[in-house]
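An overview of the molecular structure
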Amino acid sequence: MRIKIVAGNWKMNKSHSEAIELVQKIMASDYDNSVQLIVFPPSIYASEIAKITSSSATALGIQNCSEYDSGAYTGQLSASMIRSMNVKYVLVGHSEIREYFNEQNKTLASKINQLITNDLTPIYCCGEVLQEREKGNHFNLVKSQIEEGLFHLDENQIAKCVIAYEPVWAIGTGVTASSSQAQEMHHFIRSLLAEKYSENVAGSISILYGGSCNPENSQELFANPDIDGGLIGGASLNAVDFIAIANSFS
Ligand code: 13P
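The sections below set out a description of the structure shown in this document. Everything numeric in this text was worked out from a predicted model, so none of it was measured.

**Some thoughts on the overall build of the chain**
Check the secondary structure of the chain and you find twelve helices and eight strands. For a compact globule of 250 residues, the expected C-alpha radius of gyration is about 18 Å, and the chain comes in at 17 Å, within 12% of that figure. Expressed along its principal axes, the backbone C-alpha trace of the chain runs to roughly 45 × 45 × 35 Å. Within the chain, buried positions represent 53% of all 250 residues. Contacts in the chain between residues far apart in sequence, at least 24 positions, make up 71% of those at least 6 positions apart. Carbon and sulfur atoms make up 48% of the accessible area of the chain, which amounts to about 11300 Å² in all. Between the mean site of the 17 positive side-chain charges and the mean site of the 27 negative ones, the chain shows a separation of 4 Å.

Following this line, the structure appears as C-alpha cells:
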C-alpha cells in the first residue's frame with residue numbers, strides 16, 4: 001500500500017518566530033496518524049525545526065537542492081548537506097523554480113540522482129500552464145516532464161520517489177483543478193509508471209495533488225483512487241487549515 005501524504009510548502013513565508021510557532025502548533029494537533037505530514041519551511045529555519053520535529057512523526061523537508069555534489073555554488077544546498085540534517089524529503093521541479101529560474105527537466109534529472117544517491121526522497125513536481133491545457137497539450141507536457149525527469153531511474157530507485165501533480169494555473173490562484181481533472185491526470189501519470197516499470201511499482205508510488213487545495217475541497221480530491229494526498233501552499237501556513245486537510249481522507 002502506498003502512503004498518504006499531506007505536505008506543506010511554506011515557500012518564502014514566515015519569520016523565524018512564526019515558523020517555530022507554526023510547526024509547534026502542527027505537532028500539538030490531533031491528526032490522522034495514517035497520514036505522513038511533512039513541512040517544508042524556508043531552509044534557513046531547517047536546522048532548528050529539525051530539532052523540534054525529531055521526536056515526532058511530522059517529517060521535515062527542504063524546498064530545493066543543487067544538482068552538484070559540492071563546491072563553488074553560492075547560495076545552493078547539496079543533497080549530502082541536506083542528508084546530514086536528518087531530513088527525508090526534498091521538493092524537485094516546483095513550477096515556480098522551473099519558471100523563474102528556467103529550470104529544465106535535464107537539470108531536474110541530475111537533482112533526482114543527487115537525492116537518490118544520498119538516500120533522500122524526492123517529491124518531483126510536474127504540471128502544465130494554462131495555455132498548454134487550453135491547447136489540449138497537458139497530457140503530453142506532463143508526460144515529457146515525467147519521462148525526462150524520472151525515467152532514467154531503475155525500478156528500485158523510482159519506487160523511492162513521490163510525485164506531485166500541480167497544474168500551474170491552480171497554484172495560488174484560488175482555482176482548483178476539479179476532482180475529475182485531477183484524478184484523470186493522476187491516473188495518466190500512474191499508467192505511464194505502469195507502462196515503463198510495472199503495475200506493482202506504479203501502485204506503490206504516492207501521487208499528490210497541489211494547487212489551491214484547502215479544507216473545503218481536500219475531501220473530494222482525496223476521495224479519488226489515484227490521489228494520495230496533497231502538496232499544500234497557502235493553506236499550509238495556518239495550522240488549523242493544514243490539519244483539517246490532513247484529516248480529510250475518507
Ligand atoms: P497553493 O496551495 O497556494 O495553490 O500552492 C500550491 C503549491 O505550489 C504547493 O507546492
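**Looking at the packing of helix H5 (residues 105-117) against helix H7 (residues 138-150)**
Between H5 and H7, whose axes approach to 7 Å, the crossing angle comes to 45°. Accordingly, the angle class assigned to the pair H5 and H7 is oblique. The crossing of H5 and H7 is right-handed. Contacts from Asn 105, Ala 109 and Ile 112 in H5 reach Ser 144, Gln 145, Glu 148, Gly 149 and Leu 150 in H7. Of the residues in the contact of H5 with H7, the class split is three nonpolar, four polar and one charged.

**A word on the side chain of Asn 105**
For Asn 105, the location among the structural elements is in helix H5. Overall, Asn 105 belongs to the buried group, its relative accessible area being 12%.

**Some points on helix H12 (residues 239-246)**
Because the α-helix completes a turn every 3.6 residues, residues three or four places apart line up on one side. The set of residues buried in H12 consists of Ala 239, Phe 242, Ile 243, Ile 245 and Ala 246. Buried residues along H12 cover an arc of 155° about the axis, so they all sit on one side. Residues of H12 that are buried in the fold lie against strand S1 (4-9), helix H1 (16-27), strand S2 (35-40), helix H11 (218-222) and strand S8 (229-232). Where H12 begins, the side chain of Asn 238 points an oxygen toward the backbone nitrogen of Val 240, at a separation of 2.9 Å.

**Digging into the site of the ligand**
In the vicinity of the ligand lie 13 residues, with Lys 11, His 94, Gly 172, Ser 212 and Gly 234 positioned nearest. Within the contact set of the ligand, an oxygen atom lies 2.8 Å away from a side-chain nitrogen or oxygen of His 94. The protein chains hide 95% of the 310 Å² of surface that the ligand would expose on its own. Taken together, the residues that form the shell around the ligand break down as four nonpolar, seven polar and two charged.

**Some thoughts on the packing of aromatic side chains**
Under the criterion given, the structure shown has five aromatic pairs. Between the aromatic rings of Phe 139 and Phe 188, the centroid separation amounts to 4.9 Å while the plane-to-plane angle is 65°, which identifies the pairing as edge-to-face. Linking Phe 139 in helix H7 with Phe 188 in helix H9 (residues 179-196), this pair joins segments that are 49 residues apart in sequence. Directly above the aromatic system of Phe 249 lies the positively charged group of Lys 4, at a separation of 5.2 Å from the ring centroid. Lys 196 extends its terminal NZ or CZ atom over the ring of Tyr 197, reaching a point 6.0 Å from the ring centre.

**Things to note about the environment of Asp 30**
Within the secondary structure, Asp 30 sits in the loop between H1 and S2. The spatial distance from the C-alpha of Asp 30 to the C-alpha of Ala 246 is 9.8 Å, given a sequence separation of 216 residues. Setting aside chain neighbours within four positions, we find Asp 30 in contact with Ile 243 and Asn 247.

**Looking at the pairing of strand S3 (residues 59-62)**
On S3, burial covers both faces: Ala 59 and Gly 61 on one face and Leu 60 and Ile 62 on the other are all buried. Inspection of the sheet shows S2 paired to S3 by two bridges, in the parallel sense. Bridge assignment links Val 39 to a residue of S3, and that residue is Leu 60. For the crossover that starts at S2, traverses helix H2 (residues 46-53) and ends in the parallel S3, the hand is right-handed. One ladder, built from two bridges, connects S3 with strand S4 (residues 89-92); its direction is parallel. Across the sheet, the residue bridging to Gly 61 is Tyr 89, located in S4.

**Regarding the pairing of S1**
Extensive coverage of S1 is indicated by the burial of five of its six residues. Traced from S1 through H1 to S2, the parallel crossover comes out right-handed. Sheet topology note: the S1/S8 ladder contains four bridges and is parallel. For Ala 7, the partnering residue across the bridge sits in S8 and is Leu 231.

How each quantity is defined
What you see as residue numbers is a count from 1 along each chain, following the sequence as written. Local features are withheld for residues below a pLDDT of 70 in this predicted model, meaning they are given only at 70 or higher, and side-chain atom pairs are given and counted only at 80 or more; totals for whole chains, interfaces and linings count all residues. Side-chain numbers here rest on the full set of heavy atoms in the structure, without hydrogens or water. Comment: elements are numbered from the N terminus, with helices defined as DSSP H or I runs of at least four residues and strands as E runs of at least two. Throughout, the radius of gyration refers to the C-alpha atoms, and the reference size of a globule is 2.2 Å times the residue count to the power 0.38. Three exposure classes are used, based on accessible area relative to the maximum for each residue type with a 1.4 Å probe and protein chains only: buried under 20%, partly exposed in between, and exposed over 50%. Any two residues whose heavy atoms approach within 4.5 Å at even a single point are treated as in contact. The Shrake-Rupley method, run with a 1.4 Å probe sphere, supplies the accessible areas, and residue values consider only the shown protein chains as cover. A residue counts as positive if it is Lys or Arg and as negative if it is Asp or Glu; His and the chain ends are not included. A charge is said to be at NZ when it belongs to Lys, at CZ for Arg, at CG for Asp and at CD for Glu. Here an angle of 0 to 180 degrees is reported between the N-to-C directions of two axes, which are lines fitted to C-alpha atoms, with helices fitted over the stretch in contact. Between 65 and 115 degrees an angle is taken as roughly perpendicular, under 35 as roughly parallel, over 145 as roughly antiparallel, and anywhere else as oblique. Handedness of a crossing follows from how the near helix is turned relative to the far one, being left-handed for an anticlockwise turn of less than a right angle and right-handed for a clockwise one. Residue polarity follows a fixed list, in which Ala, Val, Leu, Ile, Met, Phe, Trp, Tyr, Cys and Pro are nonpolar, Asp, Glu, Lys and Arg are charged, and the others, Gly among them, are polar. Arc, as used here, means the arc of the directions from the helix axis to the C-beta atoms. A 3.5 Å cut-off defines polar contacts: any pair of N or O atoms within that distance qualifies, except that in protein one atom must be a possible hydrogen donor and the other a possible acceptor, and neighbouring residues in sequence count only when both atoms are side-chain atoms. The criterion for a residue being near a molecule or strand is simple. One of its heavy atoms has to lie within 4 Å of it. Any Phe, Tyr or Trp ring, taking Trp's six-membered ring, that has another such ring centre within 6.5 Å forms a pair; planes under 30 degrees apart are called stacked, those over 60 apart edge-to-face, and the others tilted. Comment: the charge-over-ring label is applied if NZ (Lys) or CZ (Arg) is within 6 Å of the ring centre and within 35 degrees of the ring normal. Strand pairing follows a simple DSSP-based rule, namely that at least 2 bridges must link the two strands. Look down the strands so they point away from you; if going from the first strand over the helix to the second traces a clockwise path, that crossover is right-handed.

Remember that the coordinates give geometry; whether it matters functionally is a separate question.
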